Amino acid sequence: MRISVIGCGYLGAVHAASMAELGHDVVGIDVDQPKIEALSQAKAPFFEPGFEELLARTLATGRLRFSTDFADAAGAAVHFVCVGTPQKRGEYAADMRYVQGAVESLLGVLSAGELVVGKSTVPVGTAAGLADLIEAKVPGALLAWNPEFLREGFAVQDTLHPDRLVYGLPAGADGDTARALLDEVYAPIVERGTPKVESDYATAEMVKTAANSFLATKISFINAMAELCEATGADVKLLADAIGYDDRIGRKFLNAGLGFGGGCLPKDIRAFMARAGELGADQALTFLREVDNINMRRRIRMVELAREVCDGSLLGKRVAVLGAAFKPDSDDIRDSPALNVAAQLQLQGAVVQVTDPAAGDNIRRSWPQLDVVDTAEQAADRADAVLVLTEWKQYRELDPVAFGTLVKQKRVLDGRNALDREAWTAAGWTYRALGRRAG
Ligand code: UGA
């Protein structure tokens, strides 16, 4: 099938290459010229395991190309809209200008019988408005809403092997046409029996925001338990293990620590609250405000803990921050809890050395006031405290004995409850973590 993918950020670039991997003839379109040039040369503009290999492989088949010219989308049977919906500056609502712009540009090249497929995370009600617009300008062209659930760090796997497919379809015969086109796009995925949920537009839009809100709530739930554990001397990691054995609860997304960040969960719960307010249903989501609050409090608590272990003052203390991306296997620093803590420590007078296996260049660009070094060893040089704030494998596997020879004071703060506490304390370190007793 001929497919166009509008927007070649995280979602779109991975989606375009994955669709070519499934055998389709794909053009990825983006207004960002350097990004298009990089992608065309099989260079990933972001760190994502397995993506560059997929890109090189699919470009070599001749089935994938990238362009800045919308005209190249003309003639595709299916057009995927994969542009971003960031939080609006100064408010909670999502900024819809890129989605609106992408669809308006598509209208210039769209023909009857073609299908526009929204993948961006949007406020419920968006698709119905866009469907009206498409119907008015290009009669016979259709819209479906097909949210994406990929996680950074697992983007390729999640796109090619999703847990489920969600199709938000128009009513009646148009719905049958749209379903048939989507089934053809995803044929290998459908044939392997991947669960498929077909719904109206509003449900499909809400599935995405509801899923992210649930995940955020689960994380904040365990972090609220961590606050209680801190007050009582209980251990949040054991608590999570124990409740997680109950299938109805499950252990996943119960890792207490610095909480959630990134380009999705924080802005999605806020946009969801804003939309609920517009719909007169704000009470239904007021709990998400508390989810957000609990999440933000963890960052503050981490800074307090650092001050505590540094004998009550951060002034002039050398602090090593290991990890700056919002999660491991990513170079994404958008709303990163780790960077937020690093910046607060610096503002309070600490001499902070940050390191991250992938995000170094992004930090230098966006946070020039922070000192970035290449390795954990450099960061730890004569440190008064070491903070592990993103649980990269290389930090989880540090040898506490050898690492201990670098620092001034053997104090480690495990911001993600990811280190082997026994090994670190056996090597003479003072071990502190959120929701756990001092070790
Ligand atoms: C999230 C969702 O998991 C995806 O399903 C969704 O498609 C995506 O947003 C999106 O909307 O596009 P992602 O932002 O890549 O994916 O990251 P997650 O793996 O969900 O992690 C989010 C944050 O929660 C990270 O900062 C992570 O460190 C934190 N986290 C995760 C915890 O603090 N504890 C946990 O137990 C799990």
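Residues numbered from 1 in each chain as written. Predicted model: local features only at pLDDT ≥ 70, side-chain atom pairs only at ≥ 80, totals over all residues. Heavy atoms only, no water.

Where an unreviewed UniProt entry is consulted, the chain appears under the name UDP-glucose 6-dehydrogenase, with the organism given as Blastococcus tunisiensis. As stated in UniProt under Pathway (unreviewed entry), the record for the chain gives "Nucleotide-sugar biosynthesis; UDP-alpha-D-glucuronate biosynthesis; UDP-alpha-D-glucuronate from UDP-alpha-D-glucose: step 1/1." Recorded in UniProt for the chain, the comment headed Sequence similarities (unreviewed entry) runs: "Belongs to the UDP-glucose/GDP-mannose dehydrogenase family." (UniProt positions renumbered as here; feature names shortened; annotations may be inferred.)

**Quick look at the overall build of the chain**
The number of helices and strands found in the chain is 18 helices and 14 strands. Taken over the C-alpha trace, the chain has a radius of gyration of 23 Å; the compact-globule value for 439 residues is 22 Å, and the two agree within 12%. Overall, the chain is about 70 × 50 × 40 Å in size when its C-alpha atoms are taken along their principal axes. Sorting the 439 residues of the chain into buried and exposed places 54% on the buried side. Total accessible area on the chain is roughly 18400 Å²; 53% of this is exposed by carbon and sulfur atoms. Computed over 48 positive and 59 negative side-chain charges, the separation of the two mean positions in the chain equals 6 Å. (Helix = DSSP H or I, 4+ residues; strand = E, 2+ residues; numbered from the N terminus. Rg over C-alpha atoms; globule rule 2.2 N^0.38 Å. Buried < 20%, exposed > 50% of the residue type's maximum accessible area, 1.4 Å probe, protein only. Areas by Shrake-Rupley, 256 points an atom, 1.4 Å probe, with all protein chains shown as cover. Lys, Arg positive; Asp, Glu negative; His and termini not counted. Charge placed at Lys NZ, Arg CZ, Asp CG, Glu CD.)

**Comments concerning the pattern of salt bridges**
Counted under the stated rule, the structure contains 32 salt bridges. Taking the shortest distance from any N to any O, the salt bridge between Lys196 and Glu198 comes out at 3.5 Å. Given the relative accessible area of 36%, Glu198 is considered partly exposed. In this structure, the salt-bridge partner of Glu290 is Arg297, at a minimum N-O distance of 3.6 Å. For Arg297, a relative accessible area of 35% puts it in the partly exposed group. (Salt bridge = Lys/Arg side-chain N within 4 Å of Asp/Glu carboxyl O.)

**Details of unusual backbone geometry**
Here Asp335, not a glycine, exhibits a phi torsion of approximately 40°, which is positive. Checked against the element boundaries, Asp335 lands in the loop between strand S9 (318–322) and helix H13 (337–347). If you check the backbone angles, Arg382 has positive phi at about 55° while not being a glycine. Residue placement: Arg382 occurs in the loop between helix H15 (376–380) and strand S12 (385–388).

**Some details on the environment of Thr286**
Looking at the element boundaries, Thr286 is found in helix H12 (residues 286–309). Relative accessible area serves as the criterion here: at 48%, Thr286 is assigned to the partly exposed category. Between the C-alpha atoms of Thr286 and Met273, which are 13 residues apart in sequence, the distance is 7.3 Å.

**Focus on the site of the ligand**
Taken together, 21 residues surround the ligand, and among them Phe149, Leu150, Glu152, Asn212 and Lys327 come closest. When residues of the shell around the ligand are traced back to their parent elements, those giving at least two are helix H9 (201–232) and helix H11 (265–278). Looking at the shell around the ligand residue by residue, the classes come out as 10 nonpolar, 4 polar and 7 charged. Mapped onto the domain boundaries, the shell around the ligand takes at least three residues apiece from domain 1 (2–199) and domain 2 (214–433). (Near = heavy atom within 4 Å. Nonpolar A, V, L, I, M, F, W, Y, C, P; charged D, E, K, R; others polar. Domains from an automatic or database assignment.)

**Things to note about the domain arrangement of the chain**
The domain architecture assigned to the chain consists of domain 1 (2–199) and domain 2 (214–433). Relative placement of domain 1 and domain 2: their C-alpha centres are 33 Å apart. Facing the 17 residues of domain 1 at the interface are 19 residues of domain 2. Carbon and sulfur atoms make up 57% of the surface buried where domain 1 meets domain 2, a total of about 1400 Å² over both sides. It is Phe47, Tyr92 and Glu152 in domain 1 that bury the most area against domain 2; as a group they hold 48% of the surface buried on that side. Viewed at the interface, domain 2 and domain 1 are joined by 1 salt bridge. In this structure, Arg334 and Glu152 form a salt bridge, with 3.3 Å as the shortest nitrogen-oxygen distance. (Contact = heavy atoms within 4.5 Å. Buried area = accessible area lost by both parts, 1.4 Å probe.)

**Considering the UniProt feature "binding site: NAD(+)" (unreviewed entry) in the chain**
The UniProt entry lists Asp30, Lys35, Thr85, Thr121, Glu152, Lys267 and Arg334 under the feature "binding site: NAD(+)" (unreviewed entry), expressed in the numbering used here. Over a stretch of 305 residues, the named residues are scattered through the fold, their C-alpha atoms separated by up to 23.9 Å. Structurally, Thr85 is set in the loop between strand S4 (78–81) and helix H4 (97–107). Overall, Thr85 belongs to the buried group, its relative accessible area being 5%. Excluding its chain neighbours within four sequence positions, the residues that come into contact with Thr85 are Ala94, Asp95, Met96, Val99, Ser120, Thr121, Val122 and Lys267. Side-chain polar atoms of Thr85 contact the backbone oxygen of Thr121, separated by 2.6 Å. Its location among the elements puts Arg334 in the loop between S9 and H13. Using a relative accessible area of 42% as the deciding quantity, one classes Arg334 as partly exposed. Once residues lying within four places of it in the same chain are set aside, the contact partners of Arg334 are Glu152, Gly261, Gly262, Gly263 and Phe326. In this structure the side chain of Arg334 is engaged in a polar contact, spanning 3.3 Å, whose partner is the side chain of Glu152. (Polar contact = N/O pair within 3.5 Å; in protein donor to acceptor, adjacent residues only side chain to side chain.)

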